[in-house]
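Read off the chains here:
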Amino acid sequence: MERQVRVRFAPSPTGPLHIGGVRTALYNYLFARRHSGVMILRIEDTDSQRFVPGAEDYIIESLKWLGIEIDEGVGHGGPHGPYRQSERRDIYRKYVKQLLDNDKAYIAFDTPAELEVARNSKPNWQYDSTTRMSMRNSLTMPADEVKQLIENGEKYVVRFLIEPGRDVEVNDLVRGKVIINSSVLDDKVLYKSTDDLPTYHLANIVDDHLMEVSHVIRGEEWLPSAPLHVLLYEAFGWTDTMPQFVHLPLLLKPDGKGKLSKRDGDRLGFPVFPLEWHDPASGAISSGYREKGYLPQAVVNFLALLGWNPGDDTEIMSMDELINKFSFEHCSKAGAKFAYEKGKWFNHHYLQEVDDLTLAEKFKPILEQHGVNQANFTDEYIAKAVAMVKGRINFVGDLWEQAAFFFVAPTEYDPKAVKKRWSEEMPRIMTELIDVLKGMPSWKSSEAEPIVLGWIADKGYHLGNVMNAFRLTVVGECKGPHMFDITELMDPAETIRRIEAGINNIKPTE
RNA sequence: GGCGAUUUAGUGUAGAGGCCUAGCACGCCGCCCUCUCACGGCGGAAACCCGGGUUCGAAUCCCGGAUUCGCUACCA
C-alpha cells in the first residue's frame, strides 16, 4: 500500500528566499498536488547565529504570491507541530539521548581550537573512526570523568558514531542509486554546544520522521550528506519509513561558473529574489520579481522549466497543467544556468493574457509617477492605449516608454527622424494636413485614413515622408502603433495642437 | 587534496540502439507585412565533451579520460 505523499519545504530564515529555493518549493508543491499529498512548511532556524528577523514572514509571503499553497506548517498549523525547529528543542533532546543510550552517538569535548590543530595535523584529517580515539570524548575518557566534566559545565557536542567500511546506498528518484563508503564520512556533530540546538542533520531526520514525510525533495548540495541521513534513519530504527530522496539540480550563474548568487543579480541586472527585500541590518535593498513587474504565473512557469520538462514541447503551462504533468522522471540531473532572458519572454507572454482594464490599473501608478493627471483620462482611454502597445512590452513598467505620448505631448523630437523626415517644405505640408484633418467628418481610423492618404496622393506627396513627419509631431519619434489608430483615440484638438507645435518647433537639419 | 554528481547549438531542453541529414523554445540574423518602431508570419546560422570498445548499426550500451558543479563547519 502506497504511503500518503507528504513533502516539506524547509528553508532557513537566514535572509530572503533565494530563487533556487523558490524552485525547490515549487517542485515540492507540484509533486504534492500531483499525488494529492500534503505540503508542509517547516522553518529550520537551528542556526541562531545567522537568524535574520523578518525572513520567515518574507518566505511565507513569497510562497503566497507565487501561488504555492501550504497545507501544514508555520503560519498554518497542523497536527505535527510545532513547525519551527527552535520550538522543538525538547523533542531533539529526547532523540539525542536515545542515540547516546544506544551507543550510536557519543559526547565530545574538543574545543574549536583543538579541532583546528587536529585538522592542520595532516591533509585529509577528519573526525572519524581513524581519529576519534585520540580525541577528548566519551569514547576515550572514563565515564565518571565525562560525568564530572558535564557537571562542571564543560561545553560539549554530541557526535554521530559512524562505523567505517560500509557501502551506504542512497536511492535517489532522479539520480538512481548513489553509493558511498561510510569510511569517507566523518562523525558529524548532531547537537551543538553553542546554542543548545541540534544541527541540520539531526533535526532534519527527526522532524521528517515525526512529520511522516514521504519524499525529501531538496537541492543537490545535500546529496553528499544523504548517506549520513540514511545512516541516521538506521540508527533510530526508522528505515522502514525512511522517505524517498530527490536531489534537484542546482541553478547556476547565467554566465560564469558556480551557483547562482545574490551578487549575480546585482551584476547582471535581474532579481534573484521573489519579492523585494530590505535587509534589516545593512538597510540594503534587493530587487524582487514582483516589484520588477513579473506576474507570478510567469515566474512559476519559467522556474518549472529550469530542470524539468513535461516530456513534450509544451512550454506555456498554468500551475494546474504543471501539476498534472509533473514527475521526477523528467527532471534533469545537471545544473541549469539561469536563463534570465527566457524569463522575460514568459512574462511577455502572460502579460498578453491580462485584460486591458486590469493592465490599465497597473499602469496608473506609473502615470502618476510621471506627473500625468489621471483625471484627464478615462479608464477606457488608458485601456485602449495599453491595448495598442502591450504586444511590445515585457513588463508593465515598459508601458510608459511605449505609450507616454498618449498622455503627454512630445517635448523633444528624435534628431535622426527629424533629419530623415523633416524637410524645408514640411511646415507647409503639415499646415495643409491640419486643414485636411479639420475637414474630416470623423476621426475614426477607417474613415480618416482614406481621406488623408487620398490627399497625399492627390498632391503627389511622398507617403512615407508625410506620414512620418505627422508621426514626429504627435509621437516625437518614428515609432508606435498605426497613426490613425493613435489619432482616433486621442483628442482631435490635442492632435492639432501637436502638429502646430511641431510646425513651430521642429527645425530642419542643416 | 578527498568524496559524489554531471556532460546535446550561446541558453533551457527533447531524444531511452536504427524513426536523427538530431526536434522544440529563448536569444541572434534575414525576409515579409508596413506611414515608423514593435508584434506577428516565414526562413537562417548554431549542438551529440574526447578516446576506445560492443553492434550490421550508438547521441543513446560498456570502459577510460576530461569538463563542470556540489560537499568536505558546533551553516543550512
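In this text the structure is predicted, and so the values were computed from the model without any measurement.

Applying the stated criterion to the full structure yields 26 aromatic pairs. Note on F363 and F407: the rings are 5.8 Å apart at their centroids and 75 degrees apart in plane angle, and the pair reads as edge-to-face. Placement of the pair is F363 in helix 13 (residues 356–369) and F407 in the loop between helix 15 (399–403) and helix 16 (415–421), with a sequence separation of 44 residues. Using a relative accessible area of 0% as the deciding quantity, one classes F363 as buried. When its relative accessible area of 8% is taken as the criterion, F407 is described as buried. Ring plane angle 75 degrees and centroid distance 5.6 Å describe the contact between W455 and Y461, whose orientation is recorded as edge-to-face.

A few words on the protein's contact with RNA strand B. Around RNA strand B there are 59 residues in total, and K257, N309, E315, R392 and C478 lie nearest to it. Of everything in RNA strand B that lies within 4 Å of the protein, sugar and phosphate atoms constitute 72%. For RNA strand B, a base nitrogen lies 3.1 Å from a polar atom in the side chain of N124. Within the contact set of RNA strand B, a sugar or linking oxygen lies 3.0 Å away from a backbone nitrogen or oxygen of L305. For the surface near RNA strand B, the secondary-structure elements that each account for two or more residues are helix 4 (112–121), strand 5 (157–160), strand 7 (176–181), strand 14 (336–337), helix 12 (340–352) and helix 19 (463–475). Ranked by residue count, the leading element in the surface near RNA strand B is helix 19, at four residues. Among the residues forming the surface near RNA strand B, the class breakdown is 22 nonpolar, 15 polar and 22 charged.

On to the domain arrangement of chain A. One frequently used descriptor of interface size is the decrease in accessible area upon assembly of the parts. Along its sequence, chain A is organised into domain 1 (88–248), domain 2 (262–352) and domain 3 (363–505). Relative to domain 3, the C-alpha centre of domain 2 lies at a distance of 37 Å. Across the boundary between the two partners, domain 2 contributes nine residues, which contact seven residues of domain 3. With both sides pooled, the region where domain 2 packs onto domain 3 buries about 680 Å², and carbon together with sulfur makes up 56% of that total. Put simply, domain 2 and domain 3 have zero salt bridges between them. Split by residue class, the side of domain 2 that touches domain 3 holds three nonpolar, four polar and two charged.

Moving on: the pairing of strand 7. By the bridge criterion, six bridges tie strand 6 (residues 167–172) to strand 7 in an arrangement that is antiparallel. Looking across to strand 7, one finds that V170 is bridged to V178. Hairpin connection, strand 6 to strand 7: the antiparallel pair is bridged by three residues.

All right, on to the sheet that holds strand 8 (residues 189–191) then. Overall, antiparallel pairing links the three strands, which are arranged 4-5-8 in an open sheet. Pairing within the sheet leaves two strands with one partner each, and these edge strands are strand 4 (105–108) and strand 8. Geometrically, the sheet is characterised by an average inter-axis angle of 45 degrees between neighbouring strands, direction not taken into account. Relative to strand 5, strand 4 runs antiparallel, the two sharing four bridges. Directly across from Y106, in strand 5, lies its bridge partner R159.

This brings us to the nonpolar core. F338, F363, F406, F407, M430 and F470 are the most contacted members of the largest nonpolar core, which has 153 residues in total. A total of nine residues in this core trace back to one element, the largest contributor, which is helix 1 (residues 19–34). If we skip the residues at most four places from it in the chain, M430 touches W422, V466, A469, F470, I499 and I503. Among the nonpolar cores identified, the runner-up in size contains eight residues, and L115, W125, M135 and V157 belong to it.

Before going further, it helps to examine helix 19. Relative to the 18 Å expected for 13 residues at 1.5 Å per residue, helix 19 spans 18 Å between its end C-alpha atoms, a close match to the ideal helical length. Within helix 19, 10 of the 13 residues are buried, which leaves the element mostly enclosed by the surrounding structure. Taken together, the buried positions of helix 19 are V466, M467, N468, A469, F470, R471, L472, T473, V474 and V475. Residues of helix 19 that are buried sit in contact with helix 16, helix 17 (426–438), helix 18 (445–459), helix 20 (483–489) and helix 21 (492–505).

What follows covers the side chain of E72. Here E72 lies in strand 3 (residues 72–73). With residues near it in sequence (within four places) discarded, E72 still touches R6, V38, M39, I40, L41, G77, G78, P79, H80 and Y83.

This part takes up the pairing of strand 1 (residues 6–9). A two-sided burial pattern is seen for strand 1, the buried positions comprising R6 and R8 on one face and V7 and F9 on the other. Relative to strand 2 (residues 38–41), strand 1 is paired through four bridges, and the arrangement is parallel. Opposite R6, over in strand 2, you have V38 as the bridge partner. For the segment spanning strand 1, helix 1 and strand 2, crossover handedness is right-handed.

A few words on helix 13. With 14 residues, helix 13 ought to run about 20 Å at 1.5 Å a step, and its terminal C-alpha atoms sit 20 Å apart, in line with that. F363 marks where helix 13 bends most, by close to 30 degrees; the proline P365 follows one to four residues later. When we look at burial in helix 13, the residues that qualify are L359, A360, F363, K364, I366 and L367. Residues of helix 13 that are buried make contact with helix 12, helix 14 (379–389) and helix 15. Between the side-chain oxygen at the start of helix 13 and the backbone nitrogen of L357 there is a gap of 3.2 Å, and the oxygen is on D355. Once helix 13 ends, the next one or two residues include G371, with phi positive near 75 degrees.

Parameters and conventions
- Residues numbered from 1 in each chain as written.
- Chains lettered and ligands numbered in written order.
- Predicted model: local features only at pLDDT ≥ 70, side-chain atom pairs only at ≥ 80, totals over all residues.
- Heavy atoms only, no water.
- Phe/Tyr/Trp six-rings, centres within 6.5 Å; stacked < 30°, edge-to-face > 60°.
- Helix = DSSP H or I, 4+ residues; strand = E, 2+ residues; numbered from the N terminus.
- Buried < 20%, exposed > 50% of the residue type's maximum accessible area, 1.4 Å probe, protein only.
- Near = heavy atom within 4 Å.
- Polar contact = N/O pair within 3.5 Å; in protein donor to acceptor, adjacent residues only side chain to side chain.
- Nonpolar A, V, L, I, M, F, W, Y, C, P; charged D, E, K, R; others polar.
- Domains from an automatic or database assignment.
- Contact = heavy atoms within 4.5 Å.
- Buried area = accessible area lost by both parts, 1.4 Å probe.
- Salt bridge = Lys/Arg side-chain N within 4 Å of Asp/Glu carboxyl O.
- Pairing = 2+ DSSP bridges.
- Axes fitted to C-alpha atoms, helices over the stretch in contact; angles between N-to-C directions.
- Core = buried A, V, L, I, M, F, W, Y, C linked by side-chain atoms within 4.5 Å.
- Expected span 1.5 Å × (residues − 1).
- Right-handed = clockwise from strand over helix to strand, strands pointing away.
- Bend = angle between axes of the 7 residues up to and from the residue.

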